[in-house]
Amino acid sequence: MISPVVEVADDRFARRGLRLFLKRDDLIHPELPGNKWRKLKHNLGPAREAGTVLTFGGAYSNHVRATAAAGKIFGFATIGVIRGEEHRPLNDSLAFAERMGMRLTYLDRASYRRKHEPDVLAALRRDWGDFYLLPEGGSNAPAVRGCEELGEEVPGYDVVCCPCGTGGTLAGLAAGLGPGQRALGFSVLKGGFMDGEVERLQRETYGGRRGAWRVEHGFHFGGYAKRTPELDAFIDDFAERHGIVLDRIYTAKMMSGVLALAERGEFREGTRILAVITG
Ligand SMILES: *Cc1c(COP(=O)(O)O)cnc(C)c1O
């Protein structure tokens, strides 16, 4: 299904001559929402061929959760390697993953940091047998190509915004846009490494930089999964105005950034802004 675009009437944009649209990727699939579906899509073939997928994530990872659901729906085994120690009872995300048939294992933080190194992977292969490896957050070249389709679905908007966790969504989105369109990513992590990650993913996928894109670094609210009273108030206010509850890890940070940039006068009058509700 092609996710719908809705225009939202928001006077804070309208009074500056801006139009705001939302791309509802959160409605794509109940268990594989938004960018997680786009990133998994072109990985399903190799996953089924291998029979088993192994991937990595934190205890609340949307990617781990979506990979578990994909395994159940599309018929391959899944192994989730989780950062840190096991805590029972499992939180909702991991309990869901286990219900979907995912086998969970845990890596201490020091090993987890080295998770893509050959000795750590060799130890995982010894324990779990052969597998198709999906990197943390699911961002690899097939994932970027899946997100390219997002860019191709949205001609006619001047600026297309998305949140950035690993940068895979932005890398593909920017590549899929047409001439005159630009992509704007909002990093939900502290630190300036996101631009480098998007570049690396585009190089891995296309051999070089593609499309017009930029990363905003001023809207992480303290870092990954960190929240502030200001962010919570923004989420409540947006829900009241538009009836959409933004998730506090990703889309709320993006939307508050889009609004702040609009209020700062960073968009020319007449700009059509599309914000992707990634999940
Ligand atoms: C995983 C996730 C992201 C991050 O996407 P990246 O491709 O890792 O940058 C953004 N929004 C939502 C809702 C997510 O679940």
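Our subject is the structure listed above.
Notes on the structure follow.

So, how was this worked out
- Residues numbered from 1 in each chain as written.
- Predicted model: local features only at pLDDT ≥ 70, side-chain atom pairs only at ≥ 80, totals over all residues.
- Heavy atoms only, no water.
- Near = heavy atom within 4 Å.
- Polar contact = N/O pair within 3.5 Å; in protein donor to acceptor, adjacent residues only side chain to side chain.
- Areas by Shrake-Rupley, 256 points an atom, 1.4 Å probe, with all protein chains shown as cover.
- Helix = DSSP H or I, 4+ residues; strand = E, 2+ residues; numbered from the N terminus.
- Salt bridge = Lys/Arg side-chain N within 4 Å of Asp/Glu carboxyl O.
- Buried < 20%, exposed > 50% of the residue type's maximum accessible area, 1.4 Å probe, protein only.

Around the ligand sit 14 residues in total, of which Lys36, Gly165, Thr166, Thr169 and Thr278 are the nearest. At 2.8 Å from an oxygen atom of the ligand is found a side-chain nitrogen or oxygen belonging to Lys36. Between the ligand and Asn62, the relevant distance is 2.9 Å, taken from an oxygen atom to a side-chain nitrogen or oxygen of the residue. In isolation the ligand exposes 390 Å². Once the protein is present, 97% of that is buried.

All right, on to unusual backbone geometry then. Residue Pro89 is bonded to the preceding Arg88 through a cis peptide linkage, with omega at -5°. Mapping Pro89 onto the fold places it in the loop between strand 4 (77-83) and helix 5 (92-99). Phi at Phe221 takes a positive value of approximately 55°, unusual for a residue other than glycine. Along the chain, the position of Phe221 falls in the loop between strand 9 (213-216) and helix 11 (229-242). Despite not being glycine, Ala225 shows a phi value in the positive range, around 65°. In this fold, Ala225 is placed in the loop between strand 9 and helix 11.

Moving on, we come to the pattern of salt bridges. Pairing between side chains of opposite charge can happen when the charged atoms of each approach one another. Enumeration over the complete set of coordinates arrives at 26 salt bridges. Between Arg12 and Asp237 there is a salt bridge, and its shortest N-O distance comes to 3.5 Å. One end of the pair, Arg12, is in helix 1 (residues 11-14); the other, Asp237, is in helix 11, and 225 residues separate them in sequence. What makes Asp237 partly exposed here is its relative accessible area of 31%. For Arg200, the salt bridge goes to Glu197, with nearest N and O atoms at 2.9 Å. In this pair, Arg200 and Glu197 are both assigned in helix 10 (residues 194-206), three residues apart and thus about one turn of the helix distant. Connected via shared salt-bridge partners are Asp10, Asp11, Arg12, Arg15, Asp237 and Arg241.

Scope: geometric values only; no functional claims are made or implied.
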